[in-house]
Amino acid sequence: MLDTSQGDAAPSTPAEEPRGCLFALSQPPLMIFLAVIGVLLLMASVHDLFLL
């Protein structure tokens, strides 16, 4: 179980650093979403350049 007692005055582990943009980009759902958007933009640009 989670120990919620206030026994130690100083925490034994350092405080976690705030996570930034690189942490967000490492998430698989975000990368899949960005890949889908990129493929759609690429298909639209290829269509405009070569088929119109």
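This one's a predicted model, so the numbers in the text were calculated from it and none came from an experiment. (Residues numbered from 1 in each chain as written. Predicted model: local features only at pLDDT ≥ 70, side-chain atom pairs only at ≥ 80, totals over all residues. Heavy atoms only, no water.)

Colleague: Requested: an account of the overall build of the chain, with residues and values cited.
Modeller: Within the chain, the secondary structure is distributed over two helices and zero strands. Looking at the chain as a whole, 0% of its 52 residues are labelled buried. Carbon and sulfur atoms make up 70% of the accessible area of the chain, which totals about 5,300 Å². (Helix = DSSP H or I, 4+ residues; strand = E, 2+ residues; numbered from the N terminus. Buried < 20%, exposed > 50% of the residue type's maximum accessible area, 1.4 Å probe, protein only. Areas by Shrake-Rupley, 256 points an atom, 1.4 Å probe, with all protein chains shown as cover.)

Colleague: Could you give an account of the environment of Ser-26, naming the residues involved and the relevant values?
Modeller: Mapped onto the elements, Ser-26 comes out in the loop between helix H1 (21-25) and helix H2 (28-51). The exposure class of Ser-26 is partly exposed, given its relative accessible area of 46%. At 3.5 Å, the side chain of Ser-26 and the side chain of Gln-27 are in polar contact. (Polar contact = N/O pair within 3.5 Å; in protein donor to acceptor, adjacent residues only side chain to side chain.)

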